[in-house]
Amino acid sequence: MDTKSLVKLAKSLSDPTRLRMLQEIARAQRLGCANLYEFVPISQPSMSQHVKALVDAGLVNSCKEGRNMYLTINTEKLQELESFLQLLKMS
């Protein structure tokens, strides 16, 4: 994992709202953006900004179906992060 990607990932994870969103997406395995409002009661522009940050960091995959946007956890990115953390642990 390159430094730039890692910094973007860390910044994305540093926000409590995004962490809560990630937890709910992971729990549901696939969650519509509209459903996130149940767990994170924020404005639509704020929700869009947080979703964009998660997608840009690679933590979340988005899929548009009609007028709805669905989110899933990017398990490959989590595996990269886990591998990086394991390397730190071994150092």
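Residues numbered from 1 in each chain as written. Predicted model: local features only at pLDDT ≥ 70, side-chain atom pairs only at ≥ 80, totals over all residues. Heavy atoms only, no water.

Check the secondary structure of the chain and you find five helices and three strands. In the chain, the order of α-helices and β-strands from amino to carboxyl end is α-α-β-α-α-β-β-α. Computed over its C-alpha atoms, the radius of gyration of the chain comes to 14 Å, within 12% of the 12 Å expected for a compact globule of 91 residues. When the backbone C-alpha atoms are referred to their principal axes, the chain occupies close to 45 × 20 × 20 Å. The burial tally for the chain puts 30% of its 91 residues in the buried class. For the chain, restricting intrachain contacts to residue pairs at least 6 apart in sequence, the fraction spanning at least 24 positions comes to 52%. Roughly 6,100 Å² of accessible area belongs to the chain as shown, and the carbon and sulfur atoms make up 53% of that amount. Each charge class in the chain can be summarised by its mean position, and for the 12 positive and 9 negative side chains these summaries are 5 Å apart. (Helix = DSSP H or I, 4+ residues; strand = E, 2+ residues; numbered from the N terminus. Rg over C-alpha atoms; globule rule 2.2 N^0.38 Å. Buried < 20%, exposed > 50% of the residue type's maximum accessible area, 1.4 Å probe, protein only. Contact = heavy atoms within 4.5 Å. Areas by Shrake-Rupley, 256 points an atom, 1.4 Å probe, with all protein chains shown as cover. Lys, Arg positive; Asp, Glu negative; His and termini not counted. Charge placed at Lys NZ, Arg CZ, Asp CG, Glu CD.)

Either a parallel or an antiparallel arrangement is found when strands of a sheet pair, and the pairing is made through backbone hydrogen bonds. Reading across the sheet, the three strands line up as β1-β3-β2 and stay open at both edges, with antiparallel pairing between neighbours. Because the sheet does not close on itself, it has two edges, and the strands there are β1 (31-32) and β2 (60-65). Pairing of β1 with strand β3 (residues 68-73), which is carried by two bridges, proceeds in the antiparallel orientation. Within the sheet, the bridge partner assigned to Leu31 lies in β3 and is Leu71. Packed on one face of the sheet, helix α2 (residues 16-28) meets β1, β2 and β3 and runs near 90 degrees to β3. (Pairing = 2+ DSSP bridges. Axes fitted to C-alpha atoms, helices over the stretch in contact; angles between N-to-C directions.)

Right, let's get into the side chain of Glu24. In this fold, Glu24 is placed in helix α2. On the basis of relative accessibility, which here comes to 4%, the residue Glu24 falls in the buried class. Among the polar contacts listed, one links the side chain of Glu24 to the side chain of Arg27, at a separation of 2.7 Å. Contacts of Glu24, omitting those with residues within four sequence positions, involve Leu31, Leu36 and Phe39. (Polar contact = N/O pair within 3.5 Å; in protein donor to acceptor, adjacent residues only side chain to side chain.)

The next subject is the pattern of salt bridges. Opposite charge on two side chains makes pairing possible when the charged atoms of those side chains draw close. With the rule as written, the count across this model stands at five salt bridges. Of the charged contacts, one joins Arg27 and Glu24 as a salt bridge, the two residues approaching to 2.7 Å between their closest N and O atoms. Note that Arg27 and Glu24 are positioned in helix α2 at a spacing of three residues, about one turn of the helix. Among the salt bridges present, the one from Glu65 reaches Arg30, with a minimum N-O distance of 2.3 Å. With Glu65 in strand β2 and Arg30 in the loop between α2 and β1, this residue pair connects regions lying 35 residues apart in the sequence. Looking at Glu65, the relative accessible area reads 39%, which means it is partly exposed. Each member of the salt-bridge network shares a partner with another, and the members are Arg20, Glu24 and Arg27. (Salt bridge = Lys/Arg side-chain N within 4 Å of Asp/Glu carboxyl O.)

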